[in-house]
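Survey of secondary and tertiary structure
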Amino acid sequence: MVFTESHKELLAEGQQWMKDTASSCTVVAALIVTMAFAAAFTVPGGNQDDGKPLFQSKPTFMLFIISDAIALFSSATSVLMFLGILTSRYAEADFLYALPKRLTIGLLSLFMSLAATMIAFSSALALVLEGKVTWIAAPLVIATSIPVCLFGLLQFPLLVELVNSTYGKSIFHQQNVRRIH
């Protein structure tokens, strides 16, 4: 009870930080869900008269479809994880495993959805520019990796800290130096 009473302010700060982080990540993930869903129905190159995609027989089109599906499902997972954080009761025990686990899964799936979105964009670009302006395709494909790398660099320290604090060694479960073999 003393611990709970003396750390009320820390609990409130943690709750506010968790809500702010989950809110901003939910917006990004929801935008990716919307974009990936729309991209599935407005395929690059359009459709033939019978409704089949124009580039259906090309391997790059299959890469586009698979990466778009991965982007859709992983960003939907991310939205659900962040909504789970936002609707949490924020009890002390939740900060030990439940909230860090949801935030870790949410961040990982958001990163996966960003990467898959960039792959879908690159493959769509390759399909549309195939045989026309080949010299611009390679630099544009390389440029699409910049947002994914930036997100990874900015969020990786948070992810490492979450995993370490949740699943790493703790002060309550110290490892014995002597091991019995």
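Computed from a predicted model, the values in this text were never measured in an experiment.

1. So, the nonpolar core
Among the nonpolar cores identified, the biggest contains 17 residues, and M18, F82, I85, L103, L107 and L110 are the most heavily contacted of them. At the level of secondary structure, the elements contributing two or more residues to this core comprise α2 (8-41), α3 (59-86), α4 (98-129) and α5 (134-167). Not counting residues up to four positions away in its chain, the partners in contact with L107 are C25, F82, F151, Q155, L158, L159 and L162. Grouped together as the second largest cluster of nonpolar side chains are eight residues, A39, V43, F55 and F64 included.

2. A closer look at α4
For α4, which comprises 32 residues, the first-to-last C-alpha distance of 46 Å matches the rise-based estimate of 46 Å (1.5 Å per residue) to within 8%. Downstream of α4 by a residue or two, G131 has a phi angle that is positive, lying close to 80 degrees.

3. A word on the side chain of T117
Of note, T117 is situated in helix α4. Among the polar contacts listed, one links the side chain of T117 to the backbone oxygen of S113, at a separation of 2.6 Å. Once you skip the residues sitting within four places of it in the chain, T117 turns out to touch I32, M35 and A71.

4. Thoughts on the pattern of salt bridges
Taken as a whole and judged by the stated rule, the model has one salt bridge. Among the ionic pairs, R89 bridges to D94, the shortest N-O distance being 3.5 Å. Relative accessible area serves as the criterion here: at 65%, R89 is assigned to the exposed category.

5. Some remarks on the side chain of S109
Structurally, S109 is set in helix α4. On the accessibility criterion, S109 (7% relative accessible area) is buried. Among the polar contacts made by the side chain of S109, one reaches the main-chain carbonyl oxygen of G106 at a distance of 3.1 Å. Beyond its immediate sequence surroundings of up to four residues, S109 is in contact with S74, S75, T77 and S78.

6. What about the packing of aromatic side chains?
Under the criterion given, the structure shown has three aromatic pairs. With centroids separated by 5.1 Å and ring planes inclined at 65 degrees, the aromatic side chains of F37 and F41 adopt a geometry described as edge-to-face. Here F41 and F37 lie together in helix α2, a separation of four residues that amounts to about one turn. Of the residues examined, F37 reaches a relative accessible area of 48% and is grouped as partly exposed. You can call F41 exposed: its relative accessible area is 60%. Judged by centre distance (6.3 Å) and plane angle (15 degrees), the rings of F111 and F151 are stacked. Taken as a pair, F111 in helix α4 and F151 in helix α5 lie far apart in primary sequence, 40 residues in all. When its relative accessible area of 33% is taken as the criterion, F111 is described as partly exposed. Taking relative accessible area as the criterion, F151 reaches 15% and is therefore assigned buried.

7. Some words on the packing of α3 against α4
Relative to each other, α3 and α4 sit at 155 degrees, their axes nearing to 7 Å. Classified by the angle between their axes, α3 and α4 sit roughly antiparallel to one another. Handedness of the α3/α4 crossing: left-handed. Of the residues that constitute the contact of α3 with α4, the class distribution is 20 nonpolar, twelve polar and two charged.

What counts and what doesn't
Residues numbered from 1 in each chain as written. Predicted model: local features only at pLDDT ≥ 70, side-chain atom pairs only at ≥ 80, totals over all residues. Heavy atoms only, no water. Core = buried A, V, L, I, M, F, W, Y, C linked by side-chain atoms within 4.5 Å. Buried < 20%, exposed > 50% of the residue type's maximum accessible area, 1.4 Å probe, protein only. Helix = DSSP H or I, 4+ residues; strand = E, 2+ residues; numbered from the N terminus. Contact = heavy atoms within 4.5 Å. Expected span 1.5 Å × (residues − 1). Polar contact = N/O pair within 3.5 Å; in protein donor to acceptor, adjacent residues only side chain to side chain. Salt bridge = Lys/Arg side-chain N within 4 Å of Asp/Glu carboxyl O. Phe/Tyr/Trp six-rings, centres within 6.5 Å; stacked < 30°, edge-to-face > 60°. Axes fitted to C-alpha atoms, helices over the stretch in contact; angles between N-to-C directions. Parallel < 35°, antiparallel > 145°, perpendicular 65-115°, else oblique. Left-handed = near helix turned anticlockwise from the far one by under 90°. Nonpolar A, V, L, I, M, F, W, Y, C, P; charged D, E, K, R; others polar.

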